[in-house]
Amino acid sequence: MLVFFAINMSYSQTLFIGYERALETYEFNNMSSTPTIGARHLSKSTSELSSPREMPEIRPRSAAPPEVSHLSVYQKAHSFFAQLKSRWGHSKRERRHKSPGRQDSTDYAADLSSDHSTPSTQSPRHRLHTRTDSPLSRACPSGGGGGDTSSPSGSPKPRVPTTSAVAGLDLLPLGSNDEISRRREAVLRQHSFFQLRIHLRRGNGLVAMDKNGLSDPYVKFKVGGRLIYKSRTVYRDLNPTWDESFTVPIEDPFIPIQIKVFDYDWGLQDDFMGSATLDLTTLDLGRATEVTMVLHDPDRPDTTLGEILLTVTLYPKSQEDKEQYYQKNSRVADVNKRLKSQIWSSVVTIALVEGKNLLACDPETGTSDPYVKFRLGNEKYKSRIVWRSLNPRWLEQFDLHLYDDGDQQLEITVWDKDRSRDDFIGRCVIDLTTLERERTHSLWQQLEDGAGSLHLLLTISGTTASETISDLTTYEENSREVENIMNRYIWHRTFHNIKDVGHLTVKVYRASGLAAADLGGKSDPFCVLELGNARLQTQTEYKTLSPSWQKIFTFNVKDINNVLDITVFDEDRDHKVEFLGRVVIPLLRIRNGEKRWYALKDRKLRSRAKGNNPQILLEMNLAWNPIRACIRTLNPKEEKYMQSEVKFKRQVFVRNVLRLKVFIMYFYEFGKIFQNCFEWESKIQSFAALLLFLVLCYYFEPWMLPIAGLLIFFKQYIVRILAGPSSIPWDETADSDIEDDEDDDKEKEEKKSLKERLQAIQEVTQGVQNAIGRIASLLEAVKNTFNFTVPYLSWIAIGLLVAATIVLYLIPIRYLLMLWGTNKFFRRILRPHSVPNNEVLDLLSRVPDDEMLMWAKLLAWALSTPWGRLTVFEWYLQLDYKDLKILINPEAERRRDPKKKHKTS
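Given the structure is predicted, the values throughout are model-derived calculations rather than measurements.

Reading guide: rules and limits
- Residues numbered from 1 in each chain as written.
- Predicted model: local features only at pLDDT ≥ 70, side-chain atom pairs only at ≥ 80, totals over all residues.
- Heavy atoms only, no water.
- Pairing = 2+ DSSP bridges.
- Helix = DSSP H or I, 4+ residues; strand = E, 2+ residues; numbered from the N terminus.
- Axes fitted to C-alpha atoms, helices over the stretch in contact; angles between N-to-C directions.
- Parallel < 35°, antiparallel > 145°, perpendicular 65-115°, else oblique.
- Left-handed = near helix turned anticlockwise from the far one by under 90°.
- Contact = heavy atoms within 4.5 Å.
- Nonpolar A, V, L, I, M, F, W, Y, C, P; charged D, E, K, R; others polar.
- Polar contact = N/O pair within 3.5 Å; in protein donor to acceptor, adjacent residues only side chain to side chain.
- Phe/Tyr/Trp six-rings, centres within 6.5 Å; stacked < 30°, edge-to-face > 60°.
- Buried < 20%, exposed > 50% of the residue type's maximum accessible area, 1.4 Å probe, protein only.
- Lys NZ or Arg CZ within 6 Å of the ring centre and 35° of its normal.

Caption draft 1: Main features of the sheet that holds strand β18 (residues 525–531). One open sheet holds the four strands; their spatial order is β19-β18-β21-β22, and the pairing between them is antiparallel. Whereas interior strands pair on both sides, the edge strands pair on one side only; in this sheet they are β19 (534–537) and β22 (577–586). Sheet twist, expressed as the average angle between the axes of neighbouring strands with direction ignored, equals 20°. Two elements, β18 and strand β21 (residues 563–571), share seven bridges in a ladder whose sense is antiparallel. Residue proline 525 lies in a different strand from β21, and its bridge partner there is aspartate 570.

Encoded structure:
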């Protein structure tokens, strides 16, 4: 039996080898004569295989059983050797993949027998007749026999090629799974570029990582250790729904996609929740495949950590598509690289002021919750939301960067914030090429596709090109232009343009001694100049502490009382800024044509800025019309939109109270001197004051009031002349004294303990509180007097007003003042023991204010009961205001706080 079986096996192997060689010979001749593509070539090989003259028929599982039974032994032998050969080839291919320095095979004889060999292992002649785009978009089926595909004679039927099946894969026997994988590999290798689209739908049954039994999962997708996508975090959910899609380019589909799920922990290391691997070679090309990825932990491979549901589609692309993609990607990368390296041509400074008459998108309230989006090229900005307003006021300022070869259209859209989906209000587009550079434009833009308008302040400055008009190196002063500017503000042309007060020219040369804001000991400084709402800036000089900007700027002066605010900033990544120094120069202190250094101060202008004696070199020229400036001064001051609001600070509060206290003490001292005259402590001083008072009352005329003001000016002028010029000019010397005083104040502040600081705050706030209380009580007393709260006092006030009316009608006011003054002066002589008083204030002090009226109502309610009349005087002084409120509704207080039951019982 063994000998017979060995002979039979050797005979079968001989027949199989002969069949293989015959098949190779036929295919080679057929290819050389009529080259065919993959599906047709495989069909011919199968027809040869099913020919009765060559070998018995090999059918799929769905086909009918063979009619000739004596060929079944050969069929089994053929199947056995085919599987043996495929496994040997698969193991050999795996060894080639694992070897780092493998070379392409040159065994062309073996390649001729297989149409699904890889391009790197095919012979040159075979590659000539293989189309690289033939079965590219056809995916391989998962099984080998899906339905009846046999003809009545037993041979397989030819299938119509589809986009989802690779021709010929369904004709292979079911046992040849390796053959299917090899054909899939051949199809994938025919393309050098793919696009993978992944739709991350949701997760099911994830593991709980937090103490509350939930997790905050997010997903990371990696290819070869490189992160290609990170999902958002879904908080407190074990069955999260992401519903996110992304598309990535794939060059090597044989590298699997690593999927890892993590639990987000704020401030800590995120917890690992499981991972899975997505094999791209199992996907059908061009067909969306729903995949369920089971998560596992490599340390616990037998434990299931939940599932991730994906929809994956692998699209094959041609070489042209690959070149277009990388060309577009290189342009985007170049733009991003320029953004990161901050190579821009101009800075567009936008101040979003307000909106008017916007569209109402909330029908319930009849208002909107508007916010604005700006887009310039690849840069975007989103404003804050103003709730429930059709006339919002944002007052936000930001910068966008302009590139010479970039988009010059500023797109503005206005939206209404809603819970589900934001509503569109309107849009507008501003063409920046039509706006003048180095000038602030006040624009009212009407919204298209909607309603309303927006108010913007837009400035294009910070130009880096050397041929711009603001560049000082190429600037040549034109005498005729200077003469024209001076003629615009000559006195006899005052009323030609009354709003044009003056013209300011500022030359910014350089700065020195700036502080190092970067880690390398350098800074990237630029200078910002502000005059009212106009804002201009220089270009950025990189990696230097002594920048040389060499720029010239011009401003239209609208108010001669404005100040020129010059600030130096350091530009960081993402166009963020850091303060380096500041100087404020009043326009009235400018000396024309004087080129000088100005010391840079801190933000509050109280001390020198950080650095090595930082300073900036400037030259300014101001031409203005004094008459126009005077007229503008007597009109309302221009509102500066971009002003930072000062938040509550203890130091600011105490300083403001002390500033107010100076004037209060001034009036207090003056009143004290006046009171001493009434007391006759100095008889000469009191007698002189009495005579002066009587003379002024008798001869007083209204024109004497401005004369009094002029006398005060004259007095201060004489004092200034006698004192001589100030020994400390307006420069850094005076500021150094302020800096020393500031340091002394800081040292004193540090020496104070926390208890002393709190006590100081308490004293100041207590004084303010009592003063406000007195003023409120006085005003409430006046109100209650006219309200007949106390009728007796109100009738007294009525009698006094009637008497005052009759007296003022019959006697002139000057004689009444003389009588009142004489009475005040002689009161101390005629009635030495009388107490000084004010009759009106004495009357108002008897009128109760609102607080006293509320207490009276509470006591009246308590005294209306028998129990209250007996006990209210006994415990009234022991209760405070909050306890008295219990008397209003004792049942409600008992239900709200059972602990107060003893107070209501």
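Caption draft 2: Broad picture of the packing of helix α10 (residues 650–679) against helix α14 (residues 754–786). Interhelical geometry of α10 versus α14 gives an angle of 50° and a closest axis separation of 11 Å. Considering their axes alone, α10 and α14 lie oblique with respect to each other. Note on packing geometry: the crossing formed by α10 with α14 is left-handed. Across from Arg650, Phe653 and Val657 in α10, the residues of α14 making contact are Arg757, Ile761, Val764, Thr765 and Val768. Counted by class, the contact of α10 with α14 contains five nonpolar, one polar and two charged residues.

Caption draft 3: Looking closely at the side chain of aspartate 369. Its location among the elements puts aspartate 369 in the loop between β9 (346–356) and β10 (370–376). Within the structure, the side chain of aspartate 369 is placed 2.7 Å from the backbone nitrogen of arginine 388, a separation counted as a polar contact. Discounting chain neighbours no more than four positions away, the residues touching aspartate 369 are Asp362, Ile385, Val386, Trp387, Arg388, Trp415, Asp416 and Lys417.

Caption draft 4: Up close: the packing of aromatic side chains. On inspection of all chains with the given rule, the structure shows 19 aromatic pairs. Ring plane angle 10° and centroid distance 4.1 Å describe the contact between tyrosine 229 and phenylalanine 246, whose orientation is recorded as stacked. Pair noted here: tyrosine 229 is in strand β3 (residues 226–230) and phenylalanine 246 is in strand β4 (residues 241–250), with a separation of 17 residues, a long-range link. For phenylalanine 246, a relative accessible area of 8% gives the class buried. For the ring pair phenylalanine 678 and phenylalanine 825, a centre distance of 4.9 Å and an interplane angle of 80° mean the geometry is edge-to-face. Of the two residues, phenylalanine 678 is situated in helix α10 and phenylalanine 825 in helix α16 (residues 813–830); the sequence distance between them amounts to 147 residues. Comparing phenylalanine 678 with phenylalanine 825, the two get one shared label, buried. Through a chain of ring-to-ring contacts, three or more aromatic side chains come together here, namely Phe674, Phe678, Phe693, Trp820 and Phe825. Seen from the ring of tyrosine 371, lysine 382 lies directly overhead, with NZ or CZ sitting 4.6 Å from the centre. The ring of tyrosine 598 carries the charged tip of arginine 596 above its face, separated from the ring centre by 4.4 Å.

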